[in-house]
Every structure is written in C-alpha cells, then in structure tokens.
Amino acid sequence: MLPASIQITGELLSAAEVQDICESLKEDSVRLLSVRGCQLSDRDFGRVCRSVAESHSLAQLNLNLGVVSSISRTRHLADALKTNRSLQTLFLHGSPLLDAGLVTLNLALSTHPTLVCLDLGDCMLGDEALALICGMLPPDGAKSGLKELTLSANPGISLKGWARLAIAVAHSSQLRVLNLDYNPLGDQIAGMLAVAVASSRTLEVLDLEGTGLTNQSAQVFLDMVENYPTSLRVLVLAENDISPELQQQICDLLSEGEDDDDRDAGPLQSGPTGSALLPIRDKYQPIRDKYQPPAWLQHSNSSPQMVLLTSGLGESLLAETEM
C-alpha cells in the first residue's frame with residue numbers, strides 16, 4: 001500500500017488520535033503529516049516526535065500555527081530530526097521559535113541529509129537565527145542545501161541580517177524559491193537582493209509582497225531582467241508602492257524568458273507518479289478588516305491581481321501522494 005496523508009487542522013487531538021498517528025508513522029504508512037494549528041499535550045507532542053524519528057516514509061511535516069509552542073517542544077523536534085532520514089519538507093510557520101529556538105534546531109536542520117524545503121515564516125526570528133539559516137545555503141562546491149526557504153513576516157531581522165542573507169543567496173548552489181513577503185525590507189535591501197538574484201544560477205522564485213518597496217526597486221529589477229541573464233521566473237511585488245506599468249513590464253520580460261527556456265527544453269517529462277505536489281505554504285495574509293499594517297509598510301497602489309507570476313516552475317520539490 002502506498003504511503004498516505006494525515007491532515008488535521010485546528011483541532012484538539014485526543015490521546016487516542018495521537019496514538020493512531022504514531023502507529024501510522026512507525027508502520028511507514030504516512031508520507032505527509034499535517035497537524036497545523038492543532039492542540040495537543042506536551043507528552044503527546046513528544047510521542048509524535050519520537051514516531052517521526054522512527055519513520056522511514058515521512059517526507060512532509062506541517063507543524064504550522066503554533067504547534068511548536070515552547071523550547072521544550074523545540075528540543076523534542078530537534079531530537080526527532082537528528083534521527084529521521086526521510087523528511088524533505090518542514091513547515092514551522094507561525095511558531096514562536098525566537099533565536100533560541102533556531103539555535104536548538106540548527107544542528108538537526110543543517111545536517112539533515114534530505115531536507116530541502118523549510119518554512120520559518122512568522123517565527124519571531126532575529127539576526128542570530130538568520131546567520132544560522134545562511135549556513136543552510138552552502139556555496140558552490142559545498143554540501144547540498146535548501147532548495148526552498150520561507151522567511152515571511154520576521155520583522156526583527158535587521159538591515160545587516162538581510163544583507164548577510166543576500167550574500168548567501170548569491171553564492172548558494174541549490175536555492176530555487178525564496179519567500180520574504182511581509183518583511184520591512186525597503187528599497188535598499190531590495191537592491192541587494194537584485195544583485196543576489198543576478199548572481200544566482202538557480203533562484204527561480206522570489207516573493208517580495210508587502211515589503212515596503214517603491215518604483216526605485218522595481219526599476220532595478222526591470223534593468224536586471226532586461227539586460228542580464230537570470231534564472232528568475234517568478235517575482236511577486238504585490239502590496240508595494242509600485243506602478244502597475246512597471247510591474248507589467250517586469251512580468252512580460254519574465255514570461256518571455258520562460259517561453260524561450262520551454263522551447264529549448266522541449267516537452268516536460270512527468271515523474272513516475274504522473275503528478276506533482278506543491279508543498280502547502282501558509283502564506284502570510286493580513287486580514288484587512290482586523291489587521292493594521294505595520295508602520296514600515298507604505299500605502300500600496302497595486303492590487304492583489306498585480307502579483308507577478310509566470311506559469312510557475314514546471315515541477316515541484318515533492319511528489320504528492322494522497323490528499
């Protein structure tokens with residue numbers, strides 16, 4: 001029997017339900033486990049982590065929205081990751097990790113042999129944590145590293161921290177997707193990221209939604225995609241103070257580049273499953289009638305429809321099993 005998915009959202013998990021999850025993990029019958037926003041006791045969380053450690057089939061683990069809510073739970077997760085050898089995608093979006101949590105997880109994350117996709121959005125991270133994350137983006141010729149990284153909504157990271165990330169991205173030999181939406185980056189950091197994108201031979205997707213950018217940043221990206229070869233295929237600039245005309249120009253140029261690549265590559269070959277999985281990312285979405293944008297986020301004259309998207313990557317990082 002093919003490994004299946006267990007997906008539960010926002011529920012209070014009983015001891016019996018946790019026992020069923022643990023048994024399925026130990027029997028290697030689960031490929032995707034998602035308990036996003038669920039409540040369970042510390043004891044039961046430890047049981048799940050020990051079962052994750054024993055699983056040889058688990059490829060995607062979603063603990064988004066506060067499931068990893070304390071340093072003791074972070075330690076349980078770190079211990080599980082040190083033993084597990086199958087996990088490819090880990091979602092911790094909306095977990096109050098702080099820098100201390102990343103220090104606890106760092107060794108397990110950076111040495112995991114198969115982990116390629118990591119979501120640390122809205123985890124209250126600062127510069128210390130970001131320095132450790134940069135170590136998961138090794139330069140050319142080093143060990144393999146992350147292919148997809150999400151750092152949305154971590155406003156505690158400073159200019160120095162983002163500059164360090166830009167340098168790591170420029171030299172990363174693996175990274176394909178970088179999500180930095182809803183961070184107070186501004187035009188200065190965007191300029192550094194444009195240089196990183198131009199230097200990278202692998203980065204295909206960059207999400208800068210709601211990052212306090214203006215036409216100045218858009219012009220830099222326009223010059224880059226117009227005049228220099230780049231792997232970039234998707235650039236998200238929604239919810240910034242950028243004119244629709246500039247956004248459309250960038251979008252058109254990215255689409256032209258993708259069309260050329262598609263012609264060169266020929267028809268796509270489907271994998272053995274015949275289908276692909278897009279890992280489920282909890283995109284940071286401010287609720288407009290309840291949420292007041294932070295002071296650094298300038299009023300935007302763009303609309304959600306102006307998200308700059310091409311037709312996508314053409315393949316994803318992980319094959320879906322069963323939803």
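Residues numbered from 1 in each chain as written. Predicted model: local features only at pLDDT ≥ 70, side-chain atom pairs only at ≥ 80, totals over all residues. Heavy atoms only, no water.

If you look the chain up in an unreviewed UniProt entry, it shows as Leucine rich repeat containing 73 from Labrus bergylta.

S.K.: How should the pattern of salt bridges be read in this particular structure?
M.R.: A side chain of one charge can pair with a side chain of the opposite charge if their charged atoms are brought near each other. Inspection of the entire model under this criterion finds four salt bridges. Among the ionic pairs, Arg43 bridges to Asp44, the shortest N-O distance being 3.9 Å. The partner of Arg176 in a salt bridge is Glu204, with the nearest N and O atoms 3.9 Å apart. Taken together, the residues Arg176 in the loop between helix H6 (159-171) and strand S7 (177-179) and Glu204 in the loop between helix H7 (186-199) and strand S8 (205-207) connect sequence positions 28 residues apart. Overlapping salt bridges bring together Arg43, Asp44 and Arg47 as one network. (Salt bridge = Lys/Arg side-chain N within 4 Å of Asp/Glu carboxyl O. Helix = DSSP H or I, 4+ residues; strand = E, 2+ residues; numbered from the N terminus.)

S.K.: Please clarify how unusual backbone geometry should be interpreted in this entry.
M.R.: What you tend to see is this: most non-glycine residues have negative phi, and most peptide bonds are trans. The backbone phi angle of Leu65 is positive, close to 65 degrees, even though this residue is not glycine. Assignment of secondary structure puts Leu65 in the loop between strand S3 (60-62) and helix H3 (71-83). You can call Leu65 partly exposed: its relative accessible area is 41%. Look at Glu239: it is not a glycine, yet its phi comes out positive at around 60 degrees. Positionally, Glu239 belongs in the loop between strand S9 (234-236) and helix H9 (244-265). (Buried < 20%, exposed > 50% of the residue type's maximum accessible area, 1.4 Å probe, protein only.)

S.K.: What is the right way to read the packing of H7 against helix H8 (residues 215-227) from this model?
M.R.: Between two packed helices, both the angle of their axes relative to each other and the distance between the axes serve to describe the pair. Between H7 and H8, the shortest axis-to-axis distance is 9 Å and the interhelical angle comes to 10 degrees. By the angle between their directions, the pair H7 and H8 is classed as roughly parallel. Side by side, H7 and H8 meet where Gly186, Asp187, Ala190, Ala194, Val197 and Ala198 of the first sit next to Gln216, Ser217, Val220, Phe221 and Met224 of the second. Partitioning the contact of H7 with H8 into residue classes produces seven nonpolar, three polar and one charged. (Axes fitted to C-alpha atoms, helices over the stretch in contact; angles between N-to-C directions. Parallel < 35°, antiparallel > 145°, perpendicular 65-115°, else oblique. Contact = heavy atoms within 4.5 Å. Nonpolar A, V, L, I, M, F, W, Y, C, P; charged D, E, K, R; others polar.)

S.K.: Quick question: what am I supposed to make of helix H4 (residues 98-111) here?
M.R.: Note that an α-helix has 3.6 residues per turn; residues three or four places apart therefore point the same way. Between its first and last C-alpha, H4 extends 20 Å over 14 residues, near the 20 Å set by a 1.5 Å rise per residue. The sharpest bend along H4 reaches about 50 degrees and sits at Leu105. Listing the buried residues of H4 in full gives Asp99, Gly101, Leu102, Leu105, Asn106, Ala108 and Leu109. Here the buried face of H4 lies against H3, strand S4 (89-91), strand S5 (117-119) and helix H5 (127-134). (Expected span 1.5 Å × (residues − 1). Bend = angle between axes of the 7 residues up to and from the residue.)

S.K.: Looking at this structure, I do not really get H5. What am I missing?
M.R.: Taken as a whole, H5 has its buried residues at Ala129, Leu130, Ile133 and Cys134. Angular distribution of buried residues about the axis of H5 spans 145 degrees; they occupy a single face of the element. Elements that come into contact with the buried residues of H5 comprise H4, strand S6 (148-150) and H6. (Arc of directions from axis to C-beta.)

S.K.: Could you clarify how one ought to interpret the environment of Ala108 in this entry?
M.R.: By the element assignment, Ala108 lies in helix H4. Given a relative accessible area of 1%, Ala108 falls into the buried group. Along the primary structure Ala108 and Asn84 are separated by 24 residues, whereas in three dimensions their C-alpha atoms are 9.6 Å apart.

S.K.: Can you walk me through the confidence of the model for the chain in this structure?
M.R.: On average, residues of the chain score 84 in pLDDT, and 78% of them are at 70 or above. Predicted confidence for residues 264-279 stays below pLDDT 50, and this span has 16 contacts to residues more than four positions away or in other chains. Counting interchain partners and residues more than four positions distant, the pLDDT-below-50 stretch residues 286-323 has 97 contacts. (pLDDT = per-residue confidence, 0-100.)

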